[in-house]
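Secondary and tertiary structure notes
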Number of protein chains: 2
Amino acid sequence: MAPTPAPENSALYRELAMRLRHAISDGTYPPGSRLPSEHELAQSFGMARSTVRRALTILGEDGLIASHQGARRTVLAEPRLQSFGELRSFSRWARSIGEVPGGRVDLLERRGASAVQARELGLAPGDPLVYLVRVRMLTGVPVMIERTAYVERAGLRLSFIDLEHESISDRLEEHGIVFAHAEHTIDAVNASADDARLLEIEPGRAILRERRRATDPQGRPLEWSEDRYVGDGVAFTIRNSLAMSPLTRGRAVSTTGNPP
Amino acid sequence: MAPTPAPENSALYRELAMRLRHAISDGTYPPGSRLPSEHELAQSFGMARSTVRRALTILGEDGLIASHQGARRTVLAEPRLQSFGELRSFSRWARSIGEVPGGRVDLLERRGASAVQARELGLAPGDPLVYLVRVRMLTGVPVMIERTAYVERAGLRLSFIDLEHESISDRLEEHGIVFAHAEHTIDAVNASADDARLLEIEPGRAILRERRRATDPQGRPLEWSEDRYVGDGVAFTIRNSLAMSPLTRGRAVSTTGNPP
DNA sequence: CAGTGGTCTAGACCACGGC
DNA sequence: CCGTGGTCTAGACCACTGA
């Protein structure tokens, strides 16, 4: 019995989920093997079965294990750590893969909301917002153009941030602005002349476009962004299962949302 | 109290989740409004609080509601129905949006696994598999090229299916072959001459590429597919939240996986 | 402060798996 | 057949919200 190392942040089921995740990474339960039964886990960790189940549910949602009535759970894959924060924040993501995040501000201004921006942020057209265009780099190589509209509440803090080197997400969270939900729409477009110049590629090259609306924990919109990635530099990965599929395929109706 | 309409397929919490979903769609709880408390729901539906919570958890995972300790849950968005089956199966998806799915078989043969296919399907290079190339259409308009490698167990059934009109997924499930987990990788590439010919577009146009590995409930690989969508015809959407993010951003290392 | 969601327990019954 | 996971209940305590 290892002495509980970090009783710091809480929740028994999170603790157990974390331990099991580690146990899968470090080869205790390699892919293809079977996990101990719920009863055994409950016994050895001294918690109720329902608490164990809750931990196991998390691993299932991450696509790490499969379960079938009557048989023990099977390990499917090794965990890929990537938190919500790493997904929303380019800086955090870059650091997590061992790259140095960089950014060059192309434009930062207070302006009136366009029709699309107003709709996505729940504002009226013309309402003030903060618009930021940045070229993002991995260790010096440009890989993405980010065009983001922030609601004023969040955007006005940007003036105090070193946009070329600091993480906007980190600094905004220090000011109590927390990104909690996001909806991403992903499609492909050809690089415009503008895109090509900023990303240092030939016009027409395939671009992976991500449009993203992020809200605070109460569901109030905080930002609406259109990010354009160099097509062969970055990919998105989704795991899903019968019981749960956050990924949706839809028709690309609006080719709107282009930067004004 | 509406008389329980369909007691057919079971699970109280699913039932309740479905009802709440409908209640959100039909305006009973519009976005921005607050849901009844867990206690009230438990009371009025005659179930335990934990069962109610389980139903609410599902809506939360779908990004429909937000919750915070101490306050009632907030409705964030209207549901977009799309099941796992609709995501994996082009036919089901097409029908769900009111289009007529179509397909033209370009190639169907038994062949040996390439290095990539072998790795993704857990086979040895050269092991037999079934390879299928189809152009998929929505009401006559080609929108996607599908290049799929099936493990023999699944692929051999294909001979008995009318590939131009029937749904492979539907027919395979009738034979007890169930797709339960999938991992999708999405990036952007330029259309090759081949792509352009099959999709009736100009070469070089941006293509949304989805590479997908699907497994059965036990985690055994069933298919590995590379699908290429016309860039401006289709988009993928993901919702995620702080607690749960199945979407991952990664570097596109392997530009492998091209059709042999 | 009362109400609400977040966590956890202890136990029950069932359907299915595999020996 | 027993062990397993899937579902459900009844109740407990706590941390936080909001009037």
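These numbers come from a predicted model, not from an experiment.

Comments concerning the protein's contact with DNA strand C
If you check the shell around DNA strand C, you find 23 residues, and the closest are Leu-12, Ser-50 and Thr-51 of chain A together with Arg-53 and Arg-72 of chain B. Considering DNA strand C, the proportion of its atoms within 4 Å of the protein that are sugar or phosphate atoms stands at 69%. At 2.6 Å from a phosphate oxygen of DNA strand C is found a side-chain nitrogen or oxygen belonging to Arg-54 of chain A. Going through the elements one at a time, α1 (12-25) and α3 (49-61) of chain A together with α3 (49-61), β1 (65-68) and β2 (71-75) of chain B are the ones with two or more residues in the surface near DNA strand C.

Focus on α3 of chain A
Two residues of an α-helix separated by three or four positions point the same way, owing to the 3.6 residues in each turn. An ideal rise of 1.5 Å per residue puts 18 Å on 13 residues; α3 of chain A measures up with 18 Å between its terminal C-alpha atoms. The set of residues buried in α3 of chain A consists of Val-52, Ala-55, Leu-56, Ile-58, Leu-59 and Glu-61 of chain A. On its buried side, α3 of chain A packs onto α1, α2 (38-45), β1 (65-68) and β2 (71-75) of chain A together with α3 of chain B. In the stretch just after α3 of chain A, Gly-63 of chain A is the one whose phi turns positive, near 75°.

A few points about the pairing of strand β4 (residues 128-138) of chain A
Residue and element names in this part refer to chain A. β4 sits mainly inside the fold: 10 of its 11 residues count as buried. Pairing analysis gives 11 bridges linking strand β3 (residues 101-112) to β4, with the strands arranged antiparallel. Bridge pairing links Leu-107 to Val-133 in β4. Pairing of β4 with strand β5 (residues 141-151) involves 10 bridges; the strand directions are antiparallel. In the sheet register, Arg-136 faces β5, and the bridge partner there is Met-144. Remark: 2 residues form the turn of the hairpin made by β4 and β5, two consecutive strands paired antiparallel; Thr-139 in that turn has positive phi of roughly 45°.

Overview of the pattern of salt bridges
All names here are of chain A. Throughout the structure, instances matching the rule amount to 48 salt bridges over all chains. The partner of Glu-15 in a salt bridge is Arg-19, with the nearest N and O atoms 3.9 Å apart. With Glu-15 and Arg-19 both in helix α1, this residue pair falls 4 residues apart, about one helical turn. Notably, a salt bridge pairs Arg-209 with Asp-187, separated by 2.9 Å at the nearest N-O pair. Separated by 22 residues along the polypeptide, Arg-209 in strand β7 (residues 206-215) and Asp-187 in strand β6 (residues 181-190) bring together distant segments of the chain. The two residues Arg-209 and Asp-187 agree in class, both being buried.

Rules of the game
Residues numbered from 1 in each chain as written. Chains lettered and ligands numbered in written order. Predicted model: local features only at pLDDT ≥ 70, side-chain atom pairs only at ≥ 80, totals over all residues. Heavy atoms only, no water. Near = heavy atom within 4 Å. Polar contact = N/O pair within 3.5 Å; in protein donor to acceptor, adjacent residues only side chain to side chain. Helix = DSSP H or I, 4+ residues; strand = E, 2+ residues; numbered from the N terminus. Expected span 1.5 Å × (residues − 1). Buried < 20%, exposed > 50% of the residue type's maximum accessible area, 1.4 Å probe, protein only. Contact = heavy atoms within 4.5 Å. Pairing = 2+ DSSP bridges. Salt bridge = Lys/Arg side-chain N within 4 Å of Asp/Glu carboxyl O.

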